[in-house]
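Working through the structure, step by step
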Amino acid sequence: MSEQTVTDFFWRVAEIQLRDESVSKGTMMGFPCLRVNGDFYASADYRTGDLVIKLPAERVSALIDAGEGDAFAPNGRRFREWVAITERDAERWETLIDEARLFVETKSK
């Protein structure tokens, strides 16, 4: 999938998130991303087409163990609170993006 196609898919899925004033667009490591109150919570890796989201470490491990996600390890360094979701399904992405946003909002309070 091309960079533009992945980016377009991510922004279409994220459209509902952007209706909230506390959510903004940005970039994270050169990837399009969503921020809530300035904190990153979801991104799209245009190289792989994966959704990359921030969740509690236990949830990340559970997704990886269930075969529903891969460790997010740019440059070989694993981020324990980030997971890459390889399946490109809009409904699933929306659900996981919501979950990530709630986690980041709660964590920053």
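Higher on the page you've got the structure.
The sections below set out a description of the structure shown in this document. (Residues numbered from 1 in each chain as written. Predicted model: local features only at pLDDT ≥ 70, side-chain atom pairs only at ≥ 80, totals over all residues. Heavy atoms only, no water.)

This next bit is on unusual backbone geometry. Residue Met29 is not a glycine yet carries a positive backbone phi of 55°. Considering the arrangement of structural elements, one finds Met29 in the loop between strand 1 (23-28) and strand 2 (31-36). Here the phi dihedral of Asn37 falls at roughly 50°; this positive angle occurs in a residue that is not glycine. Mapping Asn37 onto the fold places it in the loop between strand 2 and strand 3 (39-45). Note on Asn37: relative accessible area 52%, which makes it exposed. (Helix = DSSP H or I, 4+ residues; strand = E, 2+ residues; numbered from the N terminus. Buried < 20%, exposed > 50% of the residue type's maximum accessible area, 1.4 Å probe, protein only.)

With 5 of 5 residues buried, strand 4 (residues 50-54) lies mostly within the body of the structure. Side chains Asp50, Val52 and Lys54 of strand 4 all project onto a buried face; the interleaved residues Leu51 and Ile53 project onto the opposite face, where all are buried too. Where strand 3 and strand 4 come together, 4 bridges link them in antiparallel fashion. By the bridge assignment, Asp45 is partnered in strand 4 with Asp50. (Pairing = 2+ DSSP bridges.)

Sheets are built from strands paired through backbone hydrogen bonds, the pairs being either parallel or antiparallel. Judged by pairing direction, the sheet is antiparallel, and its 6 strands sit side by side in the order 1-2-3-4-6-5 without closing on themselves. In this open sheet, the two edge strands, each paired with only one partner strand, are strand 1 and strand 5 (70-71). Across the sheet, helix 3 (residues 90-107) touches strand 1, strand 2, strand 3, strand 4 and strand 6 (82-85), and the angle it forms with strand 4 is around 25°. (Contact = heavy atoms within 4.5 Å. Axes fitted to C-alpha atoms, helices over the stretch in contact; angles between N-to-C directions.)

Covered by surrounding structure in strand 6 are Trp82 and Ala84 together with Val83 and Ile85, the residues of both alternating faces. Of the pairings in the sheet, the one linking strand 4 to strand 6 comprises 4 bridges and is antiparallel in character. What sits directly across from Leu51, in strand 6, is Ile85. Summarising the sheet, strand 5 and strand 6 pair through 2 bridges and their orientation is antiparallel. Bridge pairing links Ala71 to Val83 in strand 6.

The description of an aromatic ring pair rests on the distance of the ring centres and on the angle between the ring planes. With the rule as written, the count across this model stands at 5 aromatic pairs. An aromatic cluster of three or more residues is present, and its members are Phe72, Phe79 and Trp82. Between the NZ or CZ atom of Lys25 and the centre of the ring of Trp11, over which it lies, the distance is 4.7 Å. The ring of Phe79 has Arg77 sitting right over it, with the charged end atom 4.6 Å from the ring centre. (Phe/Tyr/Trp six-rings, centres within 6.5 Å; stacked < 30°, edge-to-face > 60°. Lys NZ or Arg CZ within 6 Å of the ring centre and 35° of its normal.)

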